[in-house]
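Below, each chain spelled out in residue letters.
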Amino acid sequence: LNRTGQRLVASSSDPSGDFHFFAIRDAQVNAFAMFGGYIGVNTGTILTSQSESELAGVIAHEISHVTQNHLARQISAQKQQ
């Protein structure tokens, strides 16, 4: 996860960001991003991936949530409601 994640971060719109990748022991296919560049990937996602490219697509999706500040935007929108 770290090797693939760091390669993707280096190619992202914000390569200076500090990212941390970790696995969650959960059979469900899922991944998530949190503040501070923490990205969790369920073991179900890792085991279901048929190639490193498939897993990289999931990780890249989560990286984009962080680099595009999706979490902050969601919290702001909820406060306005």
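Everything that follows concerns the structure shown earlier in this document.
Along each chain, residues carry numbers from 1 onward, in the same order as the chain's sequence is written. For this predicted model, a pLDDT threshold of at least 70 governs which residues receive local features, and a threshold of 80 or more governs which side-chain atom pairs are given and counted, while totals over whole chains, interfaces and linings are taken from all residues. Water and hydrogen atoms were dropped before computing side-chain values, which therefore reflect all heavy atoms in the structure.

Draft legend 1. Spotlight on the packing of aromatic side chains. In summary, the pairing rule links any two rings of Phe, Tyr or Trp, Trp by its six-membered ring, whose centres are within 6.5 Å, and it sorts them by plane angle into stacked for under 30 degrees, edge-to-face for over 60 and tilted for everything else. In total, this model carries 2 aromatic pairs according to the counting rule given. With centroids separated by 6.2 Å and ring planes inclined at 15 degrees, the aromatic side chains of phenylalanine 19 and phenylalanine 21 adopt a geometry described as stacked. Ring centres of phenylalanine 22 and phenylalanine 32 lie 5.9 Å apart, and the angle between their planes is 70 degrees; this geometry places the pair in the edge-to-face category. Placement of phenylalanine 22 in strand S1 (residues 20-24) and of phenylalanine 32 in strand S2 (residues 31-34) is noted, with a sequence separation of 10 residues between them. Taking the relative accessible area as the measure of exposure, phenylalanine 32 reaches 27% and is therefore partly exposed. Numbering of helices and strands starts at the N terminus; helices are DSSP runs of H or I of at least 4 residues and strands are runs of E of at least 2. Residue exposure (1.4 Å probe, protein chains only): buried if accessible area is under 20% of the type maximum, exposed if over 50%, otherwise partly exposed.

Draft legend 2. Here's a closer look at helix H1 (residues 2-10). Listed in full, the buried residues belonging to H1 are Thr4, Gly5 and Val9. Projected down its long axis, H1 carries its buried residues within an arc of 135 degrees, all on one side. Residues of H1 that are exposed and point over 90 degrees away from its buried face: Arg3 and Ala10. Tucked into the core, H1 has its buried residues touching S1 and helix H3 (52-67). An arc is given here, and it is the one of the directions from the helix axis to the C-beta atoms. Every residue pair with non-hydrogen atoms within 4.5 Å of one another is taken to be in contact.

Draft legend 3. Quick look at the side chain of asparagine 42. Structurally, the position occupied by asparagine 42 is in strand S3 (residues 38-42). Here glutamine 28 takes part through its backbone oxygen, which lies 3.3 Å from a polar atom of the side chain of asparagine 42. Each residue touching asparagine 42, except ones within four places of it in the same chain, is listed here: Ile24, Asp26, Gln28, Asn30 and Phe32. Under this definition, polar contacts are N or O atom pairs within 3.5 Å; protein pairs additionally need one hydrogen-donor-capable and one acceptor-capable atom, and for neighbouring residues in sequence, both atoms have to be side-chain atoms.

Draft legend 4. Region of interest: the pairing of S2. Residues Ala31 and Ala33 line the buried face of S2, whereas the alternating positions Phe32 and Met34 sit on a face that is not buried. Should DSSP find at least two bridges between two strands, the strands are taken to pair. In this structure, S2 lies alongside S3, joined through 4 bridges in antiparallel fashion. Residue pairing across strands places methionine 34 opposite tyrosine 38, the latter belonging to S3. What sits between S2 and S3 in their antiparallel hairpin is a turn of 3 residues, with glycine 36 showing a positive phi close to 85 degrees.

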